[in-house]
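# Architecture at a glance
Residue-level listing of the chains:
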Amino acid sequence: MALFGNAHTINPATAQQDYERLLGQGEQVHAAFLLIRDTILFTDRRLILVDKQGITGKKTEYHSVPYRSITHFAVETAGTFDLDAELKIWISGSPTPLQKTFTKGVDIYEVQAILTQFVAR
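Since this is a predicted model, take the numbers as computed values, not measurements. (Residues numbered from 1 in each chain as written. Predicted model: local features only at pLDDT ≥ 70, side-chain atom pairs only at ≥ 80, totals over all residues. Heavy atoms only, no water.)

## A few points about the packing of aromatic side chains
Rules: Planes of paired rings set the category: under 30 degrees apart is stacked, over 60 is edge-to-face and the rest tilted, where pairs are Phe, Tyr or Trp rings (Trp by its six-membered ring) whose centres lie within 6.5 Å. Buried residues are those whose accessible area, probed at 1.4 Å on protein chains only, stays under 20% of the maximum for their type, while exposed residues exceed 50% and partly exposed ones sit between those limits.
Tallied over the full model, the rule gives three aromatic pairs. With centroids separated by 6.1 Å and ring planes inclined at 90 degrees, the aromatic side chains of Phe 33 and Phe 42 adopt a geometry described as edge-to-face. With a relative accessible area of 1%, Phe 33 lands in the buried category. Phe 42 sits in the buried class, given a relative accessible area of 0%. Following the ring pairs from residue to residue traces out a cluster consisting of Phe 33, Phe 42 and Phe 102.

## Let's talk about the nonpolar core
Rules: We define a nonpolar core as any set of buried Ala, Val, Leu, Ile, Met, Phe, Trp, Tyr and Cys residues linked to one another through side-chain atoms lying within 4.5 Å. By the criteria applied, helices consist of DSSP H or I runs no shorter than four residues and strands consist of E runs no shorter than two, each listed in order from the N terminus. For this analysis, residues touch if any pair of their heavy atoms sits within 4.5 Å.
Of all hydrophobic cores here, the largest spans 20 residues; its most connected members are Phe 33, Phe 42, Leu 47, Phe 102 and Val 111. Mapped by element, the contributors of at least two residues to this core are strand 2 (29-35), strand 3 (38-43), strand 4 (46-53), strand 7 (85-91) and helix 2 (108-119). For Phe 102, the contacting residues outside a window of four places in its chain are Phe 33, Leu 35, Ile 40, Asp 84, Ala 85, Leu 87, Ile 108 and Val 111. Ranked by size, the runner-up nonpolar core spans nine residues in total, among them Tyr 19, Leu 23, Leu 41 and Val 50.

## Observations concerning the sheet that holds strand 8 (residues 98-102)
Put simply, the rule is: Strands pair, by our definition, only if DSSP identifies at least two bridges between them. Simply put, an axis is a line fit to the C-alpha atoms, just over the touching stretch for a helix, and the angle between two N-to-C directions goes from 0 to 180 degrees.
Taken together, the three strands give an open sheet; going across it, the order is 6-7-8, and neighbouring strands pair in antiparallel fashion. In this open sheet, the two edge strands, each paired with only one partner strand, are strand 6 (70-76) and strand 8. Neighbouring strand axes in the sheet, compared pairwise and without regard to direction, differ in orientation by 15 degrees on average. Note: strand 6 against strand 7, six bridges, orientation antiparallel. Counterpart to His 72 in the pairing with strand 7 is Trp 90. Packed onto the sheet, helix 2 meets strand 6, strand 7 and strand 8 and runs at close to 170 degrees relative to strand 6.

## What about the pattern of salt bridges?
Applicable threshold: Every case where a carboxyl oxygen of Asp or Glu lies within 4 Å of a side-chain nitrogen of Lys or Arg is listed as a salt bridge.
Per the counting criterion, the structure on display carries two salt bridges. A salt bridge links Glu 27 to Arg 46, with the shortest nitrogen-to-oxygen separation between them at 2.8 Å. Placement of Glu 27 in the loop between helix 1 (12-18) and strand 2 and of Arg 46 in strand 4 is noted, with a sequence separation of 19 residues between them. Accessibility assignment for this pair places Glu 27 and Arg 46 in one class, buried.

## Overview of the sheet that holds strand 5 (residues 59-66)
Ordered in space as 1-2-3-4-5, the five strands form an open sheet in which the pairing is antiparallel. Single-partner strands in this sheet number two, and they are strand 1 (8-10) and strand 5. Each neighbouring strand pair of the sheet contributes to a mean axis angle of 20 degrees, computed without reference to strand direction. Examined bridge by bridge, strand 3 and strand 4 share four bridges and lie antiparallel to one another. Note on strand 4: the bridge partner recorded for Leu 41 is Ile 48.

## Things to note about the environment of Thr 9
Relative to the elements of secondary structure, Thr 9 occurs in strand 1. Taking the C-alpha atoms as reference points, Thr 9 and Gly 105, separated by 96 residues in sequence, lie 8.2 Å from one another. Look past the residues within four positions of Thr 9 in its chain and what remains in contact with it is Ala 32, Phe 33, Val 106 and Glu 110.

This is the structure we're talking about:
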C-alpha cells in the first residue's frame, strides 16, 4: 500500500522543465503525476515512467513506452478499505503489466482519460 496523501498532479510546464533532458526535440508534456518518489509523464509521443530506486533515490530508471505499444490498460478504483487506486498497462510482447499505485490525491479517472486520449489515436 502506498503512503497516504503523497500522490498528486504536477504542472505540465514544471514537468517539461524538470525532465527536459529526457524529451525529444519538440516533445511536449501534457500531464504528469508524482507517486511517492516515482513520476509518470504523458507526452504527446510516449508515456515516461520515472522509477526512483534505492534508499536515497539517486539511482533512477526511466521507462519509455510508445503509446502504439500499449495493447490495453486497466484502472482499479479505490475502495472502502483499500484506499489506493491502480493503473495497469500491458505492453506488446510482455505478459505482465506495468503497475502503478495512486493514492487518493490523484483522480484515477483523470489518469484513465489522459491515457485513453493518447492510446486511442
